[in-house]
Amino acid sequence: MIQRLNQRQKADIRRGFRENPLYQYLNEVCKPYESELPGLRLSPEEVFQEVVAAVDEMRRVPRQREQLCTELWERLYCDLQALMPPVGEVPRQELQEGVSLILSALSFCATVMGKPDAYDLMTLLFIVMEQHYPRHWQFVHERITNDAACNRWMEPLGRWLTAYVEGNTFLTNGYGELGEAQAGRADEARTLNIYNNAPSHFYNESKFENTRYITGSEPKWLQNLNI
């Protein structure tokens, strides 16, 4: 379930994860949306928590990863809608943009890991977003995966995520909440030690070089995505 954060919680996340590549990336690309969606006011810290919570949930129940991805849009949309009283005050488009932002960030995480099963999840997330927010989600995705962001974050983020997913620690609890900042820093330190020693496994020719397998049976809109 999505969690709205108060100012102190946001500050704790900023301090506790300021060296985390995922938080740094999301803070860079998601910050403009906080002011551009004035009704929703979805902060980078909230996006970070939801992306990490989704990653952790898939790690806890790997056999249900596809089902989790398929259900994630409606779950996030309904949770956000319920948390924004009075009902109907936040425009539907803002809710759609907010959910697209979270799922686009999650799909980028799958991409940078450079593994076939992660690409399958990325493709599934694309399909889910197309079903619920046709075409418009692509503008969100393209914006947060622009060339500058990819060039800056693709390799460090991929290394950190690979080390984190293959590790045995979780940054969120069973309710999708990030732990206290101090605990987060402790888990972060252990993961960063692995991350710093992890080998690079990325291509340099194109920001999404490894996604060229997406051809053939997928919908035409997916084949034509400029990624």
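Scoring rules and cut-offs
Residues numbered from 1 in each chain as written. Predicted model: local features only at pLDDT ≥ 70, side-chain atom pairs only at ≥ 80, totals over all residues. Heavy atoms only, no water. Disulfide = S-S within 2.5 Å. Buried < 20%, exposed > 50% of the residue type's maximum accessible area, 1.4 Å probe, protein only. Salt bridge = Lys/Arg side-chain N within 4 Å of Asp/Glu carboxyl O. Helix = DSSP H or I, 4+ residues; strand = E, 2+ residues; numbered from the N terminus. Phe/Tyr/Trp six-rings, centres within 6.5 Å; stacked < 30°, edge-to-face > 60°. Lys NZ or Arg CZ within 6 Å of the ring centre and 35° of its normal. Arc of directions from axis to C-beta. pLDDT = per-residue confidence, 0-100. Contact = heavy atoms within 4.5 Å. Core = buried A, V, L, I, M, F, W, Y, C linked by side-chain atoms within 4.5 Å.

Trainee: Help me out: how do you make sense of the state of the cysteines in this one?
Mentor: Throughout this description, disulfide means a covalent bond between two cysteine sulfur atoms. All chains considered together, the criterion is met by 0 disulfides. The cysteine Cys 30 is free of any disulfide, with Cys 109 supplying the nearest cysteine sulfur at 9.9 Å. Taking relative accessible area as the criterion, Cys 30 reaches 0% and is therefore assigned buried.

Trainee: I tried to follow the pattern of salt bridges on my own but got confused; where do I start?
Mentor: Side chains that differ in charge, positive against negative, can pair when their charged atoms come close. Applying the stated criterion across every chain yields a total of 12 salt bridges. With a closest N to O distance of 2.8 Å, Glu 46 and Arg 4 form a salt bridge. Of this pair, Glu 46 sits in helix 3 (residues 44-60) while Arg 4 sits in the segment before helix 1 (7-16); the two residues are 42 residues apart in sequence, bridging distant segments of the chain. Residue classification places Arg 4 among the partly exposed positions, given a relative accessible area of 24%. Residue Arg 15 is joined to Asp 12 by a salt bridge in which the shortest nitrogen-to-oxygen separation is 2.5 Å. Taken together, the residues span about one helical turn, with Arg 15 and Asp 12 both in helix 1 at a distance of 3 residues. Put simply, Lys 10, Lys 31 and Glu 34 are held in one network by salt bridges that share partners.

Trainee: How do you make sense of the packing of aromatic side chains when you look at a structure like this?
Mentor: The description of two aromatic rings rests on the distance between their centres and on the angle between their planes. All told, the structure shown has 5 aromatic pairs when counted by the stated rule. An angle of 35 degrees between the planes, with centres 5.2 Å apart, marks the rings of Phe 126 and Trp 137 as tilted. With a gap of 11 residues between them, Phe 126 in helix 6 (residues 116-132) and Trp 137 in helix 7 (residues 136-144) connect regions that are remote in the sequence. Residue classification places Trp 137 among the buried positions, given a relative accessible area of 0%. Put simply, the rings of Phe 17, Tyr 23 and Phe 48 touch in pairs and so form one group of aromatic residues. Over the aromatic face of Tyr 164 sits the side chain of Arg 59, whose NZ or CZ is 4.5 Å from the ring centroid.

Trainee: Honestly, the environment of Met 113 in this entry has me stumped. Any pointers?
Mentor: Note that Met 113 resides in the loop between helix 5 (92-112) and helix 6. In the structure, Met 113 is positioned 48 residues away from Leu 161 in sequence and 6.7 Å away in space, judged by C-alpha atoms.

Trainee: Would you mind going over helix 7 with me for this structure?
Mentor: Each α-helix winds once per 3.6 residues, and so residues spaced three or four apart point in a common direction. Every buried residue of helix 7 is listed here: Trp 137, Gln 138, Val 140, His 141 and Ile 144. Looking down the long axis of helix 7, one finds its buried residues gathered within 160 degrees of arc, a one-sided arrangement.

Trainee: Before we go on, may I ask you to explain the confidence of the model for the protein chain in this structure?
Mentor: Any segment with low pLDDT has predicted coordinates that should not be analysed in fine detail. Per-residue confidence for the protein chain averages 81 on the pLDDT scale, and 77% of its residues sit at or above 70. The weakest mean pLDDT in the protein chain belongs to helix 10 (residues 220-223) at 43; the strongest belongs to helix 2 (residues 21-36) at 96. The model gives residues 181-186 a pLDDT under 50, and that stretch makes 6 contacts with residues more than four places away or in other chains. Confidence over residues 198-227 falls short of pLDDT 50; this stretch has 58 contacts with residues more than four positions distant or in other chains.

Trainee: Please explain the nonpolar core as it appears in this structure.
Mentor: Inside soluble globular proteins, nonpolar side chains tend to come together where they are buried. Formed by 64 residues in total, the largest nonpolar core has its most connected members in Leu 22, Tyr 25, Leu 26, Val 47, Phe 48, Val 51 and Leu 103. Elements with a minimum of two residues in this core: helix 2, helix 3, helix 4 (65-82), helix 5, helix 6, helix 7 and helix 8 (147-165). For this core, the element with the highest residue contribution is helix 5, accounting for 11 residues. Apart from the residues within four sequence positions on either side, Phe 48 is in contact with Ile 13, Phe 17, Asn 20, Leu 22, Tyr 23, Leu 26 and Leu 178.

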